[in-house]
Amino acid sequence: MTPSRRQLEAYRLKHAAEEGRVIIYRCGRCKRETALLAVDMIEIWNPEMKVYEPPARCGFCKASGRMTVRFYIPTRGDIGTLRLRRPNGVRRLWKWQMYEG
Ligand SMILES: [Zn+2]
């Protein structure tokens, strides 16, 4: 079953978090996958984010327009086998910045 465009439009990060979803981004060029917990993402990104829209660019090979996204609900079988990308303890992303003295 493919959800309609309107349903996708209404589906936001907060909904994915409520449903306990894992969001998996995949690059069609380098084939790398990144699985993230929606409940982790909501700590960092806007809860109203349209999660079905994949990033424009691959974070690994920098290819643009090759990313796809899918949603997944983990089961007991995933315990200890599903590899996730998770925030570090302080739940803060790092950025590059010049030395300011
Ligand atoms: Zn890539």
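None of these values were measured; they are calculated from a predicted model.

Q: Would you explain the pattern of salt bridges in this entry?
A: Side chains bearing opposite charge may pair, as long as their charged atoms lie close to each other. For the structure on display, the rule yields 7 salt bridges. Residue E48 is joined to K14 by a salt bridge in which the shortest nitrogen-to-oxygen separation is 2.9 Å. Separated by 34 residues along the polypeptide, E48 in the loop between α3 (38–44) and β3 (67–72) and K14 in helix α2 (residues 13–18) bring together distant segments of the chain. Classification of E48 by relative accessible area gives partly exposed; the value is 36%. Overall, K14 belongs to the partly exposed group, its relative accessible area being 28%.

Q: Please explain the packing of aromatic side chains as it appears in this structure.
A: The description of an aromatic ring pair rests on the distance of the ring centres and on the angle between the ring planes. Scanning the entire structure with this criterion turns up 1 aromatic pair. Centre to centre, the rings of Y11 and F71 are 5.4 Å apart; their planes meet at 80°, and the pair counts as edge-to-face. Here Y11, found in the loop between α1 (5–10) and α2, pairs with F71, found in strand β3; they are 60 residues apart in sequence, far enough to count as distant. With a relative accessible area of 25%, F71 lands in the partly exposed category.

What counts, and where the lines are drawn
Residues numbered from 1 in each chain as written. Predicted model: local features only at pLDDT ≥ 70, side-chain atom pairs only at ≥ 80, totals over all residues. Heavy atoms only, no water. Salt bridge = Lys/Arg side-chain N within 4 Å of Asp/Glu carboxyl O. Helix = DSSP H or I, 4+ residues; strand = E, 2+ residues; numbered from the N terminus. Buried < 20%, exposed > 50% of the residue type's maximum accessible area, 1.4 Å probe, protein only. Phe/Tyr/Trp six-rings, centres within 6.5 Å; stacked < 30°, edge-to-face > 60°.

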